[in-house]
Amino acid sequence: MAKKSAVNRNERVKKLVAQYAARRADLKAKANDESLPLEERFEARLKLAALPRNSAPNRIRNRCEVTGRPRGYYRKLKMSRIALRQLGNLGQIPGLTKSSW
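This text gives an overview of the structure that appears in the document. Just so you know, these numbers come straight off a predicted model, no measurement behind them.

**Side note on the overall build of the chain**
1) Next: If you tally the helices and strands in the chain, you get 3 helices and 2 strands.
2) Next: Against the 2.2 N^0.38 benchmark of 13 Å for 101 residues, the chain shows a C-alpha radius of gyration of 20 Å, more extended than a compact globule.
3) Next: Overall, the C-alpha framework of the chain stretches about 65 × 30 × 20 Å when taken along its three principal axes.
4) Next: The buried share of the chain, reckoned over its 101 residues, is 24%.
5) Next: Of the contacts made within the chain by residues no fewer than 6 positions apart, 38% connect residues no fewer than 24 positions apart.
6) Next: For the chain, the computed accessible surface area is about 8200 Å², with 51% contributed by carbon and sulfur atoms.
7) Next: Across the chain, the centroid of the 25 positively charged side chains sits 20 Å from that of the 8 negatively charged ones.

Below, the structure written as structure tokens:
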């Protein structure tokens, strides 16, 4: 089980990303628009830099929904390899069987 503080921090980051997503997308569009004057584009870059650092989507860490583990994460299942194996052995994941040869 991961530290609760790390899981809670990640949840706060997700909330901030959702809160600032529209504003960030608008400022990025202005900053990258070649048709606007250089001053406006620069001003948009400054406003973008002034936004909270944790509102950037690349600061979200993929964590297991079951345990909160950050490593060995399967995106499709939203869980770590260890939780996947445990739930698979208990028969709680449909279609997953233990392989043997």
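Next comes the rest of the write-up.
**Overview of the pattern of salt bridges**
1) Next: For the structure on display, the rule yields 3 salt bridges.
2) Next: Across the salt bridge formed by Arg 41 and Glu 34, the nearest N and O atoms sit 3.9 Å from each other.
3) Next: With a closest N to O distance of 3.6 Å, Glu 43 and Lys 47 form a salt bridge. Placement of the pair is Glu 43 and Lys 47 together in helix H2 (residues 38–50), with a separation of 4 residues, close to one helical turn.

**Section: the side chain of Arg 24**
1) Next: Along the polypeptide, Arg 24 turns up in helix H1 (residues 4–32).
2) Next: Despite its burial, Arg 24 remains without a salt bridge, the nearest opposite charge being carried by Asp 26 at 12 Å.
3) Next: Among the polar contacts listed, one links the side chain of Arg 24 to the side chain of Ser 55, at a separation of 2.7 Å.
4) Next: Excluding residues within four positions of it along the chain, Arg 24 makes contact with Leu 48, Leu 51, Pro 52, Ser 55, Ala 56 and Pro 57.

**Details of the packing of H1 against H2**
1) Next: Direction vectors running N to C along H1 and H2 enclose 150 degrees, while the axes themselves pass 8 Å from each other. Compared by their axis directions, H1 and H2 come out roughly antiparallel. Of the two possible hands of crossing, H1 and H2 adopt the one that is left-handed. Contacts between H1 and H2 involve Arg 24, Leu 27, Lys 28, Lys 30, Ala 31 and Asn 32 from the first element and Arg 41, Ala 44, Arg 45, Lys 47 and Leu 48 from the second.
2) Next: In the contact of H1 with H2, the residues fall into 4 nonpolar, 1 polar and 6 charged.

**Some points on unusual backbone geometry**
1) Next: Look at Lys 78: it is not a glycine, yet its phi comes out positive at around 60 degrees.
2) Next: In this structure, Lys 78 sits in the loop between strand S1 (73–74) and strand S2 (79–80).
3) Next: By relative accessible area, Lys 78 is classed as partly exposed at 46%.

What counts as what
- Residues numbered from 1 in each chain as written.
- Predicted model: local features only at pLDDT ≥ 70, side-chain atom pairs only at ≥ 80, totals over all residues.
- Heavy atoms only, no water.
- Helix = DSSP H or I, 4+ residues; strand = E, 2+ residues; numbered from the N terminus.
- Rg over C-alpha atoms; globule rule 2.2 N^0.38 Å.
- Buried < 20%, exposed > 50% of the residue type's maximum accessible area, 1.4 Å probe, protein only.
- Contact = heavy atoms within 4.5 Å.
- Areas by Shrake-Rupley, 256 points an atom, 1.4 Å probe, with all protein chains shown as cover.
- Lys, Arg positive; Asp, Glu negative; His and termini not counted.
- Charge placed at Lys NZ, Arg CZ, Asp CG, Glu CD.
- Salt bridge = Lys/Arg side-chain N within 4 Å of Asp/Glu carboxyl O.
- Polar contact = N/O pair within 3.5 Å; in protein donor to acceptor, adjacent residues only side chain to side chain.
- Axes fitted to C-alpha atoms, helices over the stretch in contact; angles between N-to-C directions.
- Parallel < 35°, antiparallel > 145°, perpendicular 65-115°, else oblique.
- Left-handed = near helix turned anticlockwise from the far one by under 90°.
- Nonpolar A, V, L, I, M, F, W, Y, C, P; charged D, E, K, R; others polar.

On their own, these measurements won't tell you what the molecule is for.
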